[in-house]
Amino acid sequence: MYTRLRTIGWNDTFERHFAALDRPDLIPGRVVGVHKTSFRVLTEEDIRMVVPAGLLLHEDLARSEYPAIGDFVALRPSEDGGVLVALLPRQTKFSRAVGGAGGRISALTEQVIAANIDYVFIVTALDADFSLERIERYVAAVGASGAEPVLILNKSDLVRDQHEFERQVRESAPDLPVHTVSALDETGVSALRAYFREGVTAALIGSSGVGKSTLTNRLVGAGVAVTGAVREEDGKGRHTTTAREVYLLPGGGVLIDNPGLREIAVWSETARDTFEDIRELALTCRFRGCTHSSEPGCAVRAAIQAGRLDARRVEGYRQLEQESQAASRQDSRTSRRSGAGRSGRAKGKRS
Ligand code: GDP
Ligand code: ZN
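Residues numbered from 1 in each chain as written. Chains lettered and ligands numbered in written order. Predicted model: local features only at pLDDT ≥ 70, side-chain atom pairs only at ≥ 80, totals over all residues. Heavy atoms only, no water.

This part is about the coordination of the zinc ion (ligand 2). For the zinc ion (ligand 2), the full set of protein donor atoms is Cys285 (SG), Cys290 (SG), His292 (ND1) and Cys298 (SG), at a range of 2.1 to 2.4 Å. Seen from the zinc ion (ligand 2), its four donor atoms lie at angles of 102 to 116°, and the figure they make is tetrahedral. The buried category is assigned to Cys290, whose relative accessible area is 9%. Relative accessible area serves as the criterion here: at 6%, Cys298 is assigned to the buried category. (Donors = N, O, S within 2.8 Å, 3.2 Å for Na, K, Ca; no water. Tetrahedral: all angles 85-135°; square planar, octahedral: opposite > 155°, others 65-115°. Buried < 20%, exposed > 50% of the residue type's maximum accessible area, 1.4 Å probe, protein only.)

Encoded structure:
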């Protein structure tokens, strides 16, 4: 059953969960686009825009239970689209921490940005981007999601000795599959195509500028984007455009290229753990709510100056704090507006 859905990741486990719903009025599908008030869902027959059932908008529903890109769901089809009724249990999930009360790190809640991804290609470039520490952070974030990490060392055309980089990676992460490629001249790219068997879902993550878009274009080739650019009105009457995010590859397999996923390491729960020492230090700053930029008596800046703390890590920490605060401000604005959708939902009870 559901042969088309199987090519894009549907399997016996999903089928069992779907059957257990015992709802002959529902059909299964996969979320390939999440918009402000609707979802784009690929079903066995077609692609349709569906709206969330009231249950999914209930304020007691944990935020992490809201459908994300890659989720398999059950929907009630109708002439003009349908209603997304249930989320089928996820096999892997990428979460980020979003602001809880006051936007403080201690009150973050989990938001799922992508689900049911089998392989995550961690893309780094053999130039100034190369950092074993960053690679480790990405590997930890992928591990936490349940997906398999695969490291891609891109821009091999820029270096004389790629083996030195490969050697360093093998030493720090012996089990991590590593592919050295040049997305520009296509060297090594064919080895990556082998991952996209039927039913496999993969995603690319990595800093901006490392070549994710170039690589996506190479891999997708004659594939189809199932998330077209969608224009819709936000609550203030402005139009927003959602980029293409999900591609069906010619040999079967799905590639997810999601902006939230791209920078996951900054957001992940794992990243929060790696900032534990900074968080503790920040408790000893003179001012509560110290931003560690110019306040007097800042323990964090003092530690940087004394060479006990890496300024770049502090930058990452500040970025996480600022972004989680921005997310929580955004939350309180949108929930007052009673809007539906990913950013407009009331905060979950988990915190
Ligand atoms: P993204 O931000 O990760 O999506 O990176 P892009 O795909 O936009 O690439 C950033 C820049 O790096 C562009 O100018 C690309 O042409 C260039 N680039 C991508 N892959 C390679 C590569 O393998 N070698 C070289 N020399 N440049 C590359
Ligand atoms: Zn401070």
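Scanning the model with the defined rule gives 11 salt bridges in all. Between Arg23 and Asp25 there is a salt bridge, and its shortest N-O distance comes to 3.0 Å. For Asp25, a relative accessible area of 34% gives the class partly exposed. Arg90 is the partner of Asp71 in a salt bridge, and the nearest nitrogen-oxygen pair spans 2.8 Å. You can see Asp71 sitting in the loop between helix H3 (54-57) and strand E4 (72-78) and its partner Arg90 sitting in the loop between strand E5 (81-87) and strand E6 (93-98), a full 19 residues away along the chain. Several salt bridges share partner residues, and in doing so they unite Arg6, Asp12 and Glu15 into one network. (Salt bridge = Lys/Arg side-chain N within 4 Å of Asp/Glu carboxyl O. Helix = DSSP H or I, 4+ residues; strand = E, 2+ residues; numbered from the N terminus.)

Moving on to the confidence of the model for the protein chain. Per-residue pLDDT for the protein chain has a mean of 81; in total, 77% of the residues score no lower than 70. Counted against residues more than four places away or in other chains, residues 237-242, with its pLDDT under 50, gives 17 contacts. This model gives residues 266-270 a pLDDT under 50, and the stretch forms 14 contacts once residues within four places in sequence are excluded. (pLDDT = per-residue confidence, 0-100. Contact = heavy atoms within 4.5 Å.)

Turning next to the packing of aromatic side chains. Taken as a whole, this structure holds 11 aromatic pairs when the rule is applied. A ring pair is formed by Trp10 and Phe18, whose centres lie 6.2 Å apart and whose planes are at 75°; its orientation type is edge-to-face. We note that Trp10, like Phe18, is buried. Measuring from centroid to centroid gives 5.4 Å for Phe39 and Tyr66, while their planes differ by 45°, and the two rings are tilted. Placement of Phe39 in strand E2 (residues 39-43) and of Tyr66 in the loop between H3 and E4 is noted, with a sequence separation of 27 residues between them. Like Tyr66, Phe39 is buried. (Phe/Tyr/Trp six-rings, centres within 6.5 Å; stacked < 30°, edge-to-face > 60°.)

This part takes up the sheet that holds E5. The strands that make up a sheet are held in pairs by hydrogen bonds between backbone atoms, and each pair lies either parallel or antiparallel. Spatial strand order, E1-E2-E3-E5-E4: five strands in a closed barrel with mixed pairing. Neighbour-to-neighbour, the strand axes of the sheet open up by a mean angle of 50°, direction not taken into account. Pairing between strand E1 (residues 27-34) and E2: five bridges, direction antiparallel. What sits directly across from Val34, in E2, is Phe39. Sheet strands touched by helix H2 (residues 12-21): E1, E4 and E5. Its angle to E4, the strand with the most contacts, is close to 45°. (Pairing = 2+ DSSP bridges. Axes fitted to C-alpha atoms, helices over the stretch in contact; angles between N-to-C directions.)

Here we take up the pairing of E5. Every other side chain in a regular strand lies on the same face of the sheet, so the side chains alternate between the two faces. In terms of residue burial, E5 counts as a mostly covered element, since six of its seven residues are buried. Here strand E3 (residues 47-52) pairs with E5 via two bridges, running parallel. Each residue of the ladder has a partner; that of Val51, found in E5, is Val83. When E4 meets E5, the two strands line up antiparallel, connected through six bridges. Paired with Pro77 across the strands is Gly82, a residue of E5. Turn length for the E4-E5 hairpin, with the two strands adjacent in sequence and antiparallel, is two residues.

This paragraph deals with the site of ligand 1. As a matter of local geometry, ligand 1 sits amid 16 residues, with Asp157, Gly209, Lys212, Ser213 and Thr214 nearest to it. The contact in question runs from an oxygen atom of ligand 1 to an N or O atom on the side chain of Lys155, over 3.1 Å. One of the backbone N or O atoms of Ala183 is found 2.9 Å from an oxygen atom in ligand 1. Among the elements that take part in the shell around ligand 1, helix H7 (residues 212-220) stands out by supplying three residues, more than any other. Residue classes in the shell around ligand 1 are distributed as four nonpolar, eight polar and four charged. (Near = heavy atom within 4 Å. Polar contact = N/O pair within 3.5 Å; in protein donor to acceptor, adjacent residues only side chain to side chain. Nonpolar A, V, L, I, M, F, W, Y, C, P; charged D, E, K, R; others polar.)

Right, let's get into helix H4 (residues 132-145). Taking 1.5 Å of rise per residue, 14 residues should cover 20 Å, and H4 covers 20 Å from first to last C-alpha, within 8% of that figure. Three or more residues of H4 are buried, namely Ile135, Tyr138, Ala141, Val142 and Ser145. Mapping the buried residues of H4 onto a view down its axis gives an arc of 125°, with all of them on the same face. One or two positions beyond H4, positive phi appears at Gly146, with a value near 95°. (Expected span 1.5 Å × (residues − 1). Arc of directions from axis to C-beta.)

Attention shifts here to H7. Those residues of H7 that fall on the buried side of the exposure criterion are Lys212, Leu215, Thr216, Leu219 and Val220. An end-on view of H7 places all buried positions within 125° of arc, on one side of the element. Downstream of H7 by one or two residues, Gly221 has phi in the positive range, about 45°.

Here we come to the pairing of E4. Here four bridges tie E1 to E4, and the two strands are oriented antiparallel to one another. Within E4, the position partnered with Pro28 by the bridge is Ala74.

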